Amino acid sequence: MIAERAGTRYNAGIMADSFKIMGLGGKKSLNGSIAVSGAKNAVLPAMASAILFEDELRLLNVPGIEDVSRMCELMTSVGILAQYDSHTCRLSASGLHLHSLDEGIGKRFRASIILAGPLLARLGKVEFSHPGGDVIGPRPINIFLDGFEKMGAVVSEQGGRYTVTAAEGSLKGADMFFPYITVTGTETLMLAAVLAKGTTILRNAAMEPEIPDLANYLNACGADIKGAGTSTITIRGGKLLRSKGKEYRIPPDRIEAGSFVILGALAADSLEVTNCEPEHIAILIDLLLRSGVPLTVSKNSVSIHDNGKIPNRKFKSFTLRTHEYPGFATDLQAPMVVYLTQVAGESLVFETIFEGRLNYTEDLVKMGADITVFDPHRVLVKGPSALSGRELESPDVRAGLAFIIAATVAKGESVINNVYHVDRGYEHIERRLRGIGVSVERVSSL
Ligand code: EPU
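These figures come from a predicted structure and were not determined experimentally.

**Here's the deal with the packing of helix H11 (residues 333-342) against helix H13 (residues 397-409)**
Each pair of packed helices can be described by the angle between their axes along with the distance between the axes.
Step number 1: Two numbers describe how H11 lies on H13: the axes approach to 7 Å, and their chain directions differ by 25°. For the element pair H11 / H13, the angle class is roughly parallel. Here H11 runs over H13; the crossing is right-handed. Two secondary-structure elements touch here, H11 through Ala334, Pro335, Val338 and Gln342 and H13 through Arg398, Ala399, Ala402, Ile405, Ala406 and Val409.
Step number 2: For the contact of H11 with H13, the residue count by class is 8 nonpolar, 1 polar and 1 charged.

**Re the site of the ligand**
Step number 1: Around the ligand lies a shell of 25 residues, among which Asn142, Thr182, Thr184, Asp331 and Ile353 are the nearest.
Step number 2: Within the side chain of threonine 184, an N or O atom sits 2.5 Å from an oxygen atom of the ligand.
Step number 3: Elements with a minimum of two residues in the shell around the ligand: helix H2 (40-48), helix H6 (142-150), helix H7 (183-195) and H13.
Step number 4: Top contributing element to the shell around the ligand by residue count: H6, with 3 residues.
Step number 5: Tallied by class, residues from the shell around the ligand come to 13 nonpolar, 5 polar and 7 charged.

**Looking at the nonpolar core**
Step number 1: Core analysis: the largest hydrophobic core is formed by 79 residues, its most contacted members being Met47, Leu59, Met75 and Phe128.
Step number 2: It is H7 that contributes the most residues to this core, 7 residues altogether.
Step number 3: Those residues in contact with phenylalanine 128 that sit more than four places away from it in its chain are Leu101, Ile113, Ala116, Ile141, Leu145, Gly160, Arg161, Tyr162 and Val164.
Step number 4: Counting residues in hydrophobic clusters, the runner-up holds 72 residues, among them Ala268, Val273, Leu284 and Val343.

**A word on H6**
Step number 1: Of the positions making up H6, those classed as buried are Ile143, Phe144, Leu145, Gly147 and Phe148.
Step number 2: Check the buried side of H6 and you find it contacts helix H5 (116-123), strand E6 (125-129), strand E7 (153-158), strand E8 (161-166), strand E9 (175-177) and H7.
Step number 3: At the exit of H6 stands glycine 152, carrying a positive phi of roughly 95°.

**Some words on the pattern of salt bridges**
Step number 1: Across all of its chains, the model carries 22 salt bridges by this definition.
Step number 2: Residue aspartate 331 pairs with arginine 357 through a salt bridge whose shortest N-O separation is 2.6 Å. Placement of the pair is aspartate 331 in the loop between strand E17 (320-321) and H11 and arginine 357 in the loop between strand E18 (345-350) and helix H12 (361-366), with a sequence separation of 26 residues.
Step number 3: On the basis of relative accessibility, which here comes to 15%, the residue aspartate 331 falls in the buried class.
Step number 4: By relative accessible area, which is 6% here, arginine 357 ends up buried.

Cut-offs used in this document
- Residues numbered from 1 in each chain as written.
- Predicted model: local features only at pLDDT ≥ 70, side-chain atom pairs only at ≥ 80, totals over all residues.
- Heavy atoms only, no water.
- Axes fitted to C-alpha atoms, helices over the stretch in contact; angles between N-to-C directions.
- Helix = DSSP H or I, 4+ residues; strand = E, 2+ residues; numbered from the N terminus.
- Parallel < 35°, antiparallel > 145°, perpendicular 65-115°, else oblique.
- Left-handed = near helix turned anticlockwise from the far one by under 90°.
- Contact = heavy atoms within 4.5 Å.
- Nonpolar A, V, L, I, M, F, W, Y, C, P; charged D, E, K, R; others polar.
- Near = heavy atom within 4 Å.
- Polar contact = N/O pair within 3.5 Å; in protein donor to acceptor, adjacent residues only side chain to side chain.
- Core = buried A, V, L, I, M, F, W, Y, C linked by side-chain atoms within 4.5 Å.
- Buried < 20%, exposed > 50% of the residue type's maximum accessible area, 1.4 Å probe, protein only.
- Salt bridge = Lys/Arg side-chain N within 4 Å of Asp/Glu carboxyl O.

Take a look at the structure:
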């Protein structure tokens, strides 16, 4: 099945898989190089963009992760050809005939909502359920729905299922101001606008690097999108795009890159994180350099070389405040909190984007971290603390990887359950981490 072709093993059993990790107890012995995969949060909107095309679209550097499998499944269910094989995805919307997105699949991952924009724009109608996703706080979709309405659609909702219909059969361009910066909201409405008649202006738009990267590709295929990567995006829409065989290479995952750099800072003798765009994690690199981590940055890699000599307690603490790009990514907050538990001093961490995204810190406390929760958005981390191995539940994709980092640094054995969440965003993470010396094994309960 598609899920198997994506190199993943989604079935009832994988949800019960665990990682068993033997920690280094503070030793810094990881060694070698680790390559960053294509970005989860770039590939999902890129897949959805296939609906805007007259011909077939080929994506390269596609990560073999659960969310890609789910997206293939969801797109296939409405008649789109969506096939993953060896980091390549072939997509064609020529057979698209259904406007109703499966509830069960859509509820499993938030990014399913990105399909709503291009489907509505191409078919004039879409039906979908409130999307699921991580347990990181409320995930409303009001900005998406307002945007559809501004573009001339009528929205109705019954029992959490939405029906959106373009009143005149197709969408029309609109000028809109987002009350909050929303990444998938910007992507969804930008894609919808490519087929809407006239000009759409998205103000207070997200500036995450995945957005201009995709816009550049769409422009090369006939779209007219200006300003992507800034807070005002202008789209002149109205006609289907043609790839004419031009392939789109998914950019490297900046969250994975940043997490590997943090792991290296804490536990490496000598580590090179390759195949990444250091510019996309500039703020993380800056914070770690100021903290004292010996990093070197080249065009597509970041290296840590301290020959295991600098104990983590010599690194300095800092205040961390998550922010939309180019600020510090909320998706890197959990790995960075693990870092802050190991360095000297107090760090105030302010999670500004999501309400439930500090809950995992309770488990770090059980491992020995000194973390005081002030409110759902702020914690105080005091370091350094020696962590000890524990049994943990992976709550979401990013905190799951943070637990892997914490378990690697800790003394003794940890078991991380529910690694389905980690598989949603990271391809074969255990194999890749073993390659640099992490003692991690997947334990299947089947
Ligand atoms: N918001 C609203 N109304 C909306 C949409 C968003 O109030 O209609 C609020 C949210 O509640 C939140 C804020 O706006 O407080 C920002 O949410 P955003 O919409 O930007 O989040 P998202 O698009 O759902 C994407 C990533 C997340 C990442 C956030 C923030 C994808 C598929 N997901 O989510 O990634 O944390 O942007 O950068 O791109 C992850 O990969 O683990 C992940 C959660």
